[in-house]
Amino acid sequence: MIEAYEDPDLTFDEARHIYLYKGKRANSVTQIIKAGNLSKDYGDVDPKVLANAAARGTAVHLAIERYHDGTLVFEDLHEQILPRVIAYQEFVSDYNYEHLCSEKKYYSKKWGFAGGMDAVGIIPTYKGETSRKLVLIDYKTSYETDIPGWSIQVQAYRELWNENNPNHLIDLCLILWLNRDGKYEIFDANDKESWALFVYAIRILNWKRRHNRK
């Protein structure tokens, strides 16, 4: 059984949505990606639409956690949430997915950033390979995809996990897109370029801060 490391020096301020490492604010994965302009620009989208999308994602994450701890009541799920949880159930069944942990938050001492990953588990078979894979999964519930931007995010989470759990390195990174029609799609997020771009974005954010650039 894999026991994920818990970092006592890292805290997450839910109200301000910021990470604190040993009491000092830490750069987040989202901040770094935005600094490097590596994700889709939603500046022209109605803020209410963005807020609804964020709330939907949070609700789906919570429902999945409750699904795994046995406390989920399907009858209580909102009509926007239920089909996405059904899609998740289908993924678990199709891949014999063994869930290990959710919402682990870590800080990288090497790179100076923090973030929280959605889930880590085991898939016994993937693309014809029968060896058990330790897999990091990032859930997405948006109406449109951003595979390049999401892949950068997931590779940052992989670095956080591997640095803090060196005896249990991630074999595979996946994006699990849970759709409103009750179906799912899986996208690989394992290219080395994504991590290299994230490292450049760290440098860009640090440069901007040194020179008071927004």
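That block above? That's the structure.
My aim in this report is to walk through the structure given alongside it, one point at a time. Everything quoted here is computed from the prediction, not taken from an experiment. (Residues numbered from 1 in each chain as written. Predicted model: local features only at pLDDT ≥ 70, side-chain atom pairs only at ≥ 80, totals over all residues. Heavy atoms only, no water.)

Things to note about the overall build of the chain
Along the chain, the regular secondary structure elements total five helices and eight strands. Taking 17 Å as the expected radius of gyration for a compact globule of 214 residues, we find that the chain reaches 17 Å, a close match to that expectation. C-alpha extents for the chain along the principal axes are approximately 50 × 45 × 30 Å. By residue count, 45% of the 214 residues in the chain fall in the buried class. Within the chain, contacts between residues at least 6 apart in sequence are counted, and of these 63% link residues at least 24 apart. Distance between charge centroids for the chain: 9 Å, based on 28 positive and 31 negative side chains. (Helix = DSSP H or I, 4+ residues; strand = E, 2+ residues; numbered from the N terminus. Rg over C-alpha atoms; globule rule 2.2 N^0.38 Å. Buried < 20%, exposed > 50% of the residue type's maximum accessible area, 1.4 Å probe, protein only. Contact = heavy atoms within 4.5 Å. Lys, Arg positive; Asp, Glu negative; His and termini not counted. Charge placed at Lys NZ, Arg CZ, Asp CG, Glu CD.)

A few points about the packing of helix H4 (residues 147-164) against helix H5 (residues 192-210)
Across the interface, H4 lies against H5 with an axial gap of 8 Å and an inter-helix angle of 85 degrees. Our classification of the angle between H4 and H5 gives roughly perpendicular. Contacts from Ser151, Ile152, Gln155, Ala156 and Glu159 in H4 reach Ser194, Trp195, Leu197 and Phe198 in H5. (Axes fitted to C-alpha atoms, helices over the stretch in contact; angles between N-to-C directions. Parallel < 35°, antiparallel > 145°, perpendicular 65-115°, else oblique.)

A few points about the packing of aromatic side chains
Scanning the entire structure with this criterion turns up 16 aromatic pairs. Arranged with centres 4.0 Å apart and planes meeting at 10 degrees, the rings of Tyr21 and Tyr107 form a pair that is stacked. Pair noted here: Tyr21 is in strand S2 (residues 18-21) and Tyr107 is in strand S4 (residues 98-108), with a separation of 86 residues, a long-range link. Looking at Tyr21, the relative accessible area reads 10%, which means it is buried. Tyr107 sits in the buried class, given a relative accessible area of 15%. Both rings, one in Phe91 and one in Tyr95, keep their centres 5.5 Å apart while their planes meet at 40 degrees; by these two values the pair is tilted. With a gap of four residues between them, Phe91 and Tyr95 both fall in helix H3 (residues 82-95), about one helical turn apart. (Phe/Tyr/Trp six-rings, centres within 6.5 Å; stacked < 30°, edge-to-face > 60°.)

Observations concerning unusual backbone geometry
A positive phi angle, close to 50 degrees, is found at Asn96, a residue other than glycine. Asn96 sits in the exposed class, given a relative accessible area of 54%. Unusually for a residue other than glycine, Asn212 sits at a positive phi of about 55 degrees. Among the secondary structure elements, Asn212 is positioned in the segment after H5. Look at Asn212 and you get exposed, because its relative accessible area is 73%.

A few points about the environment of Ser131
Inspection of the secondary structure puts Ser131 in the loop between strand S5 (113-123) and strand S6 (133-140). When its relative accessible area of 38% is taken as the criterion, Ser131 is described as partly exposed. Beyond its immediate stretch of four places on either side in the chain, Ser131 contacts Ile123 and Pro124.

Quick notes on the pairing of strand S3 (residues 24-28)
Bridge analysis of S2 against S3 gives three bridges, and the strand direction is antiparallel. Bridge pairing links Tyr21 to Lys24 in S3. Adjacent in sequence and paired antiparallel, S2 and S3 are bridged by two residues, among which Lys22 carries a positive phi angle near 55 degrees. Bridge count between S3 and S5: two bridges; the pairing is parallel. Looking across to S5, one finds that Asn27 is bridged to Phe113. (Pairing = 2+ DSSP bridges.)

Description of the nonpolar core
Counting 32 residues, the largest nonpolar core has Val29, Phe113, Met117, Val120, Leu136, Trp161 and Phe198 as its most contacted members. Sorting the residues of this core by element identifies helix H1 (29-35), S4, S5, S6, H4, strand S7 (172-178) and H5 as the ones contributing at least two each. Looking at which element gives the most residues to this core, the answer is H4, with seven residues. The contact partners of Met117, leaving out residues within four places of it in the chain, are Ser102, Glu103, Lys104, Tyr106, Leu136, Tyr157, Leu160 and Trp161. Counting residues in hydrophobic clusters, the runner-up holds 23 residues, among them Val60, Ile64, Leu72 and Val92. (Core = buried A, V, L, I, M, F, W, Y, C linked by side-chain atoms within 4.5 Å.)

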